[in-house]
Amino acid sequence: LTAAPAVTVSLHPYETSEHKIKLHSQQSSGGHFKCTATLHNAVGALIDTKVVQVNVTDLQITSGSQVEVERAGAIAEGGENADGGSCSTVCPTFFDVGCFIVHSCWEKFARVALAV
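This report concerns the structure included in the present document. (Residues numbered from 1 in each chain as written. Predicted model: local features only at pLDDT ≥ 70, side-chain atom pairs only at ≥ 80, totals over all residues. Heavy atoms only, no water.)

Inspection of the sheet shows strand S3 (residues 31–40) paired to strand S4 (residues 46–56) by ten bridges, in the antiparallel sense. Opposite Phe33, over in S4, you have Val54 as the bridge partner. If you look at the hairpin formed by S3 and S4, you'll find five residues sitting between the two strands, and Gly44 has a positive phi there, around 95°. (Pairing = 2+ DSSP bridges. Helix = DSSP H or I, 4+ residues; strand = E, 2+ residues; numbered from the N terminus.)

Listed below in C-alpha cells is the structure:
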C-alpha cells in the first residue's frame, strides 16, 4: 500500500480542516493497513496523533477490470490533484513551481512557464 506525497497543511488557532489522502494498492490480495497522522505545532512539538485504519478487499478476478465508476457530483480524476485538494488551495502562490510539480498542478506550471 503506497500513498501520494505527504500532505503538509498550516492551520490557524481553532481552525478545522478536512483532507483526502489517495492510497494505491500494488497487489491483488487485500489486507488491513494502518498509518499514523500526526499534528505538530509551529515549533515542531508533537500535539496529537491519530491512527488511520484501511481495509482493502481482494481483487475479484472474475469481475474483469475494476475501474472507477463516474458518479453524479463526484470530481473526476484530474479535477483535483493527487492528494485530494485543488491546486488553487494546495499551491496558492503563482511562482511555487516545486509545489506545482509535487502536486501535479500542470496547468499552473504551464502558466508560469509561459510567463517566464
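Here we take up the nonpolar core. Side chains of a nonpolar character, in soluble globular proteins, are inclined to be buried together. Of all hydrophobic cores here, the largest spans five residues; its members are Cys91, Cys99, Phe100, Cys105 and Val112. When residues no more than four places from it in sequence are discounted, the contact partners of Phe100 are Cys91, Thr93, Phe94, Cys105, Lys108, Phe109 and Val112. (Core = buried A, V, L, I, M, F, W, Y, C linked by side-chain atoms within 4.5 Å. Buried < 20%, exposed > 50% of the residue type's maximum accessible area, 1.4 Å probe, protein only. Contact = heavy atoms within 4.5 Å.)

Here we take up the pattern of salt bridges. It is possible for side chains of opposite charge to pair when their charged atoms get near one another. What the rule picks out here adds up to one salt bridge. Notably, a salt bridge pairs Glu107 with Arg111, separated by 2.6 Å at the nearest N-O pair. Of this pair, Glu107 and Arg111 both sit in helix H3 (residues 106–115), four residues apart, which is roughly one turn of that helix. Given a relative accessible area of 54%, Glu107 falls into the exposed group. (Salt bridge = Lys/Arg side-chain N within 4 Å of Asp/Glu carboxyl O.)

What follows covers the state of the cysteines. A complete count under the given rule lists one disulfide for this structure. Disulfide partner of Cys91: Cys99, at an S-S distance of 1.9 Å. Residues Cys91 and Cys99 are joined by a disulfide whose S-S torsion is about -80°; by sign, that bridge is left-handed. Of the two residues, Cys91 and Cys99, both sit in the buried class. (Disulfide = S-S within 2.5 Å.)

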